[in-house]
Amino acid sequence: ETGVTQSPTHLIKTRGQQVTLRCSSQSGHNTVSWYQQALGQGPQFIFQYYREEENGRGNFPPRFSGLQFPNYSSELNVNALELDDSALYLCASSLLVETDTQYFGPGTRLTVL
Amino acid sequence: QKEVEQNSGPLSVPEGAIASLNCTYSDRVSQSFFWYRQYSGKSPELIMSIYSNGDKEDGRFTAQLNKASQYVSLLIRDSQPSDSATYLCAVNMARDDKIIFGKGTRLHILP
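First, a word on what this report is: a plain description of the structure on this page.

## Brief notes about the interface of chain A and chain B
With 20 residues of chain A at the contact, the number on the chain B side is 17 residues. Together, the buried faces of chain A and chain B total about 1400 Å²; carbon and sulfur atoms form 53% of this surface. When the buried surface of chain A facing chain B is broken down by residue, Pro43(A), Asp100(A) and Phe104(A) rank first, second and third, together holding 32% of it. Between chain A and chain B we count zero salt bridges in total. Where chain A meets chain B, there are five residue pairs in polar contact (both at pLDDT 80 or more). Every element with two or more residues in the side of chain A that touches chain B is listed here: strand 4 (31-37), strand 5 (44-50), strand 6 (53-57), strand 9 (87-94) and strand 10 (103-104) of chain A.

Here's what the structure looks like:
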């Protein structure tokens, strides 16, 4: 167990809907990164939040957005869902200043129909 | 060249043998390298990080880094059926300080 939690575990949505995924980081960690992992692929970096500010973004469209709260928990929001958004969404926390080692939560499996 | 490359496998290794997993990366000045294990349907689990050239051992696992060749590997000694999983190589790209993953290598330990 890494101490990183995510909710919900599974989610089914239809195309065009919006979804919010949640992550609670490991105690003491101030950085959260979100990844999308399609079946048979490695995790793809979506974005990172450090002390409530976006600290880098991967090649994902603006309909993928996020937030980090003062307690360092985080949300990933996806608008106008597309079929290709079906994937495992992973949250990873780290203590950025001291180390770039990341610890993953269990993930949220999103299915878009 | 892809940023982080791994052979997708599957790599089949007899129980008790040494499994060797390889990874190459494109960013010559990268400084941080990670190996994760991922069981089917689960999230990645950190096995080891390595930052300096040479070998780093942790139990049955040894990570090897060669920055000149832009190559990092993971050796698993005395392979067990429970080692059957996908192994992900991850590199912190110096250009933007973001961690990029390879597609992973599927390892199958044959009983």
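That shown, we press on.
## Structural notes on unusual backbone geometry
The omega torsion across Ser7(A) and Pro8(A) is -10 degrees, close enough to zero to call that bond cis. In this chain, Gly9(B) is followed by Pro10(B) through a cis amide linkage whose omega measures 10 degrees. Mapping Pro10(B) onto the fold places it in the loop between strand 1 (4-5) and strand 2 (11-14). With a phi angle near 50 degrees, Arg51(A) is a residue other than glycine that sits in the positive phi range. The topology assignment puts Arg51(A) in the loop between strand 5 and strand 6. The phi angle at Ala80(A) is positive, at roughly 45 degrees, despite the residue not being glycine.

## Considering the sheet that holds strand 6 (residues 54-58) of chain B
The strands that make up a sheet pair up through hydrogen bonds in the backbone, lying either parallel or antiparallel. Residues and elements named next belong to chain B. The five strands lie next to each other as 1-3-8-7-6, forming an open sheet whose pairing is antiparallel. Each end of this open sheet is capped by a strand with a single partner; those strands are strand 1 and strand 6. Here five bridges tie strand 6 to strand 7 (residues 61-66), and the two strands are oriented antiparallel to one another. Counterpart to Asp55 in the pairing with strand 7 is Gln64.

## Brief notes about the packing of aromatic side chains
Under the definition given, this model contains 10 aromatic pairs over all chains. Ring plane angle 65 degrees and centroid distance 5.1 Å describe the contact between Phe60(A) and Phe64(A), whose orientation is recorded as edge-to-face. Across this residue pair, the class does not change: Phe60(A) and Phe64(A) are buried. For the ring pair Tyr36(B) and Phe101(B), a centre distance of 5.5 Å and an interplane angle of 50 degrees mean the geometry is tilted. Taken as a pair, Tyr36(B) in strand 4 (residues 32-38) and Phe101(B) in strand 10 (residues 98-101) lie far apart in primary sequence, 65 residues in all. The class for Phe101(B) is buried, based on a relative accessible area of 5%. Pairwise contacts between aromatic rings join Tyr35(A), Phe45(A), Phe104(A), Tyr36(B) and Phe101(B) into one cluster. Over the ring of Phe61(B) we find Arg60(B); its NZ or CZ atom is 5.6 Å from the centre of that ring.

## Thoughts on the state of the cysteines
Taken as a whole and judged by the stated rule, the model has two disulfides over all chains. Paired through a disulfide, Cys23(A) and Cys91(A) show a sulfur-sulfur distance of 1.7 Å. When the S-S torsion is -45 degrees, as for the bridge of Cys23(A) with Cys91(A), the disulfide is left-handed. You can see Cys23(A) sitting in strand 3 (residues 19-24) and its partner Cys91(A) sitting in strand 9, a full 68 residues away along the chain. Among the residues examined, Cys23(A) registers a relative accessible area of 2% and is labelled buried. Assessed through its relative accessible area of 0%, Cys91(A) is described here as buried. With its sulfur 2.1 Å from that of its partner, Cys23(B) forms a disulfide with Cys89(B). Residues Cys23(B) and Cys89(B) are joined through a disulfide that is left-handed, its torsion about the S-S bond being -70 degrees. With Cys23(B) in strand 3 (residues 19-25) and Cys89(B) in strand 9 (residues 85-93), this pair connects stretches of sequence that are 66 residues apart. Each of the two residues, Cys23(B) as well as Cys89(B), counts as buried.

Criteria and thresholds
Residues numbered from 1 in each chain as written. Chains lettered and ligands numbered in written order. Predicted model: local features only at pLDDT ≥ 70, side-chain atom pairs only at ≥ 80, totals over all residues. Heavy atoms only, no water. Contact = heavy atoms within 4.5 Å. Buried area = accessible area lost by both parts, 1.4 Å probe. Salt bridge = Lys/Arg side-chain N within 4 Å of Asp/Glu carboxyl O. Polar contact = N/O pair within 3.5 Å; in protein donor to acceptor, adjacent residues only side chain to side chain. Helix = DSSP H or I, 4+ residues; strand = E, 2+ residues; numbered from the N terminus. Pairing = 2+ DSSP bridges. Phe/Tyr/Trp six-rings, centres within 6.5 Å; stacked < 30°, edge-to-face > 60°. Buried < 20%, exposed > 50% of the residue type's maximum accessible area, 1.4 Å probe, protein only. Lys NZ or Arg CZ within 6 Å of the ring centre and 35° of its normal. Disulfide = S-S within 2.5 Å.

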